[in-house]
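# Observations on the model geometry
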Amino acid sequence: MRKSTLFISAMLTVFLMATLFGVISAYQNIVTDNQTVVVTPAELSVQQPASTAVPTIVSPMVISPEQATTIAVELLGDSSVYSVEVVDYEGIAAYLVTFSAGDLVYVSSTGEVLAVTKLEPVVVVVPAGNRDDNGERPNRDQQQQEDNGDDDHEDGDEHEDGDD
């Protein structure tokens with residue numbers, strides 16, 4: 001093999017190993033930082049700003065997401081579950097089971113159904129605009145004639161001159 005090929009291969013290997021080492025050490029730092037931070041519920045209420053979009057859920061979940069899904073499926077009789085997530089429902093930690101049909105079922109952490117709602121569809125109506133019978137926009141000359149009404153008055157121009 002040529003020396004230049006071996007040199008390039010060695011440099012690429014060193015570069016990839018250095019990059020991999022950096023990624024692994026950054027991951028280990030993140031994991032150790034998350035394990036060492038212990039926050040009590042009293043500290044959470046002091047440190048969180050009032051406009052936090054994701055509320056902190058303190059109560060432990062007694063049932064699993066699968067059990068909450070089973071409860072919601074049995075309640076509605078529909079097995080087309082779209083997603084299951086933990087949400088804050090009126091200050092209570094609950095599972096939100098969303099169905100493909102738009103039904104929402106809130107199941108408490110103890111397995112109790114809190115609410116059943118339905119997503120309202122959003123309908124957006126866009127005006128069709130100025131289109132002809134074929135669904136195409138007329139060119140500017142035709143559009144100006146239609147807007148000004150010039151197509152009815154073309155014959156009238158001869159009569160205005162008084163040449164009749």
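Everything that follows concerns the structure shown earlier in this document.
Residues numbered from 1 in each chain as written. Predicted model: local features only at pLDDT ≥ 70, side-chain atom pairs only at ≥ 80, totals over all residues. Heavy atoms only, no water.

We now examine the pattern of salt bridges. This model, assessed by the stated rule, comprises 1 salt bridge. When the shortest N-O distance is used, the salt bridge between Lys-118 and Asp-103 registers 3.5 Å. On the criterion of sequence distance, the pair formed by Lys-118 in strand β4 (residues 113–118) and Asp-103 in strand β3 (residues 103–108) is long-range, its members being 15 residues apart. (Salt bridge = Lys/Arg side-chain N within 4 Å of Asp/Glu carboxyl O. Helix = DSSP H or I, 4+ residues; strand = E, 2+ residues; numbered from the N terminus.)

Before going further, it helps to examine helix α3 (residues 65–76). Since the α-helix turns once every 3.6 residues, residues separated by three or four places project in the same direction. In this model α3 runs 17 Å from its N-terminal to its C-terminal C-alpha over 12 residues, within 8% of the 16 Å that 1.5 Å per residue would give. Buried within α3 we find Ala-68, Thr-69 and Ala-72. Taken around the axis of α3, the buried residues stretch over an arc of 100°, which confines them to a single face. In α3, the exposed residues that point more than 90 degrees away from the buried face are Glu-66 and Glu-74. (Expected span 1.5 Å × (residues − 1). Buried < 20%, exposed > 50% of the residue type's maximum accessible area, 1.4 Å probe, protein only. Arc of directions from axis to C-beta.)

With that settled, the discussion passes to the nonpolar core. As a rule of thumb, nonpolar side chains are buried together in soluble globular proteins. Core analysis: the largest hydrophobic core is formed by 8 residues, namely Ile-63, Ala-68, Ala-72, Tyr-95, Val-97, Phe-99, Val-105 and Val-107. Elements supplying a minimum of two residues to this core: α3, β2 (92–99) and β3. Of all the elements, β2 adds the most residues to this core, at 3 residues. Val-87, Ala-94, Leu-104 and Ala-115 belong to the second-largest nonpolar core, a separate cluster that totals 7 residues. (Core = buried A, V, L, I, M, F, W, Y, C linked by side-chain atoms within 4.5 Å.)

Now for the pairing of β3. Where burial is concerned, most of β3 is hidden: 6 out of the 6 residues are buried. Residues of β3 alternate between two faces, with Asp-103, Val-105 and Val-107 on one and Leu-104, Tyr-106 and Ser-108 on the opposite face, all of them buried. Inspection of the sheet shows β2 paired to β3 by 5 bridges, in the antiparallel sense. Across the sheet, the residue bridging to Thr-98 is Leu-104, located in β3. From the end of β2 to the start of β3, which pair antiparallel, there are 3 residues, and Gly-102 there has a positive phi angle of about 100°. As paired elements, β3 and β4 share 5 bridges and run antiparallel to each other. Its bridge partner lying in β4, Leu-104 is registered against Thr-117. Counting the residues between successive antiparallel strands, the hairpin from β3 to β4 contains 4 residues, one of them, Gly-111, with a positive phi of roughly 95°. (Pairing = 2+ DSSP bridges.)

Notably, Glu-90 is not glycine yet its phi reads approximately 50°, a positive angle. Within the fold, Glu-90 resides in the loop between β1 (81–89) and β2. Residue classification places Glu-90 among the exposed positions, given a relative accessible area of 69%.

Once that is clear, we can look at the sheet that holds β4. Ordered by their spatial adjacency, 4 strands build an open sheet running β1-β2-β3-β4, and the pairing between neighbours is antiparallel. Pairing within the sheet leaves two strands with one partner each, and these edge strands are β1 and β4. Strand-to-strand, the axes of this sheet are offset by a mean angle of 20°, without reference to chain direction. Packed onto the sheet, α3 meets β1, β2, β3 and β4 and runs at close to 55° relative to β2. (Axes fitted to C-alpha atoms, helices over the stretch in contact; angles between N-to-C directions. Contact = heavy atoms within 4.5 Å.)

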